[in-house]
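Breakdown of the fold
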Amino acid sequence: MQNTPIAPDIESDLSQLPLPPLAKGLPVLGSALEMASKPVDFWVEQYNQMGPVFRVKALNRHFTVMAGPEAVQFIVKMRDGVVSSHGTWADFAAESNAPHMMTMLDGESHTRQRRIMRPGVSRSAIVGRFADVLQITDEVTNDYFQAGQSYSAMSFFQLLICNQLGLMLAGRVAGDYMQDIVTTIRTRLNTLVLKNQPRLALKLPGYRRASARMLEFGRLIVAERRARPAPETPDLVDDLMAAMDNELSDCTESDLENMVLSPFIAGLDTVASTCNFVLYALLKNPQALERVVQEADRLFADGIPTPDALEQMTDLHGAVMESLRLYPVAGILPRTALRDFAFEGHRITKGSEILAAVMVSHFLPRFYPEPYTFNIDRYRAPYHQHRQQGAFTPFGIGSHTCLGAGLAEIQIMLTMAALLHRYEFELTTPDYEGKLEQNPTLTLGYKFQVRVKALRHAPITATP
Ligand code: HEM
């Protein structure tokens, strides 16, 4: 096995290879300002100037960037033992008191946890629950929206998505715990994974209170489940709890409490931010909006739709896919090099902090003509632009690829269809241009406001 190549060019004579070129930057700051102010364009520009591998300095941190389709193809073929997520997530796991957190595991224990979690976060967790998801959507929107009023779209989506995920995956809506979950996850990600906030934030009373409340929510989910008889159709929480006696017997009670919260950790900001982007992109592209609204009206003409009917909504699907492409909320995958290896004729040294900027592919004209144009027809026959090798990776690539991708796609389509069917939205400032930030996912932040211009239809789940 010793001579088996790990990836095509990994076994070349490493000592002969140069280190990747260093991106130009300011003294001391390096590229920190540009990385923060252009969270998408910076990486695309560097790729276009320097190719698929380069180094970046940001203050006292040094990154090796593997970018574009070359990085995607390399990671797809890569064997275990070349890179790891452990270094990225270890501090987050320690702060969460979760020594077996899946995102930082590699190898067999990682594969085992994925196998246990997969059914509970798959498409089947939502396809049988359309009535419940739409009921929650109606309830939240009825309480929230009034015609003529303006709202931060992100605040709204966080509340809605948190309750939908809670209902589908944890057996209870998050209710008052929503803000605690948001505060805890964001603070931990920003301080311990992205490291764009000082660790001092973890000592502040607001965070400590939120963190204790999030833990309380995890304990509540587990306690309620222990108190009820075994269900006929187990969900994510049931699967995890059943596995604690055998496959997950090395996990602690605190691991379990964190695992039942994992849909919120992985899904809340990603799905809410993506919904926010879909709404923004459609309001900026009125022709696409009109087509999607017409589809949504057809979808709900006879009440609660079937999953098949939803999947036939090609304009809505195109709008969601195009938002995932143009606004890849988790488009850069952080890793650490476990050994020296070669990539695209350069040496990547053991211990390097790697950023796999796979989302660069989304902006290359060779895959997507006029890549910055919002075009919802790219994904239908005969184009299928996303199916080209290495062209579309909004849910990541390799062994840690998103487990909730299928569920998220349906959740976003159903949610956006329901909102656009029921309400007419408009931008509060017609020429508003959203500013992208990395906090902690790629996001428009809370500043993007929409006005509810009119109520178009009655609640979908209202009894006639
Ligand atoms: C638009 C929505 C979403 C996007 C764009 C997204 C994206 C991603 C990406 C890029 C990764 C890989 C991270 C890496 O390799 O470092 C990931 C991992 C993961 N996602 Fe998602 N995600 C979304 C929604 C969800 C939802 C709704 C769930 C579950 C309910 C979920 C569960 C997970 C899990 C458990 C992992 C970790 C997998 C592992 O470490 O093996 N995601 N996601």
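Residues numbered from 1 in each chain as written. Predicted model: local features only at pLDDT ≥ 70, side-chain atom pairs only at ≥ 80, totals over all residues. Heavy atoms only, no water.

1. As for the site of the ligand
- The full set close to the ligand counts 27 residues, and H110, R114, R335, H400 and C402 are the nearest of them.
- R335 places a polar side-chain atom, nitrogen or oxygen, 2.7 Å from an oxygen atom of the ligand.
- A distance of 2.7 Å is found between an oxygen atom of the ligand and a side-chain nitrogen or oxygen belonging to H400.
- Among the secondary structure elements, those contributing two or more residues to the shell around the ligand are helix 5 (107-117), helix 13 (262-284), strand 5 (333-337) and helix 17 (405-422).
- At six residues, helix 13 tops the list of elements feeding residues into the shell around the ligand.
- The residue inventory of the shell around the ligand, partitioned by class, reads 15 nonpolar, ten polar and two charged. (Near = heavy atom within 4 Å. Polar contact = N/O pair within 3.5 Å; in protein donor to acceptor, adjacent residues only side chain to side chain. Helix = DSSP H or I, 4+ residues; strand = E, 2+ residues; numbered from the N terminus. Nonpolar A, V, L, I, M, F, W, Y, C, P; charged D, E, K, R; others polar.)

2. Some remarks on helix 10 (residues 205-226)
- Here helix 10 contains 22 residues, and its C-alpha end-to-end distance of 32 Å stays within 8% of the 32 Å for a straight helix at 1.5 Å per residue.
- Of the surrounding secondary structure, the elements contacted by the buried residues of helix 10 are helix 4 (86-95), helix 8 (153-170), helix 9 (178-193), helix 11 (236-243), helix 12 (253-260) and helix 13. (Expected span 1.5 Å × (residues − 1). Contact = heavy atoms within 4.5 Å.)

3. Section: the pattern of salt bridges
- Counted according to the given criterion, the structure contains 30 salt bridges.
- The salt bridge involving D91 is made with R199; its shortest N-O contact spans 2.6 Å. You can see D91 sitting in helix 4 and its partner R199 sitting in the loop between helix 9 and helix 10, a full 108 residues away along the chain.
- Taking the relative accessible area as the measure of exposure, D91 reaches 30% and is therefore partly exposed.
- Among the salt bridges present, the one from D377 reaches R380, with a minimum N-O distance of 3.0 Å.
- Given a relative accessible area of 23%, D377 falls into the partly exposed group.
- One connected set of salt bridges, linked through shared partners, spans R225, R228, D235 and D238. (Salt bridge = Lys/Arg side-chain N within 4 Å of Asp/Glu carboxyl O. Buried < 20%, exposed > 50% of the residue type's maximum accessible area, 1.4 Å probe, protein only.)

4. Looking at the coordination of the iron atom of the ligand
- Looking at the iron atom of the ligand, one finds just one donor atom contributed by the protein, C402 (SG), at 2.3 Å.
- Its place among the elements puts C402 in the loop between strand 8 (353-357) and helix 17. (Donors = N, O, S within 2.8 Å, 3.2 Å for Na, K, Ca; no water.)

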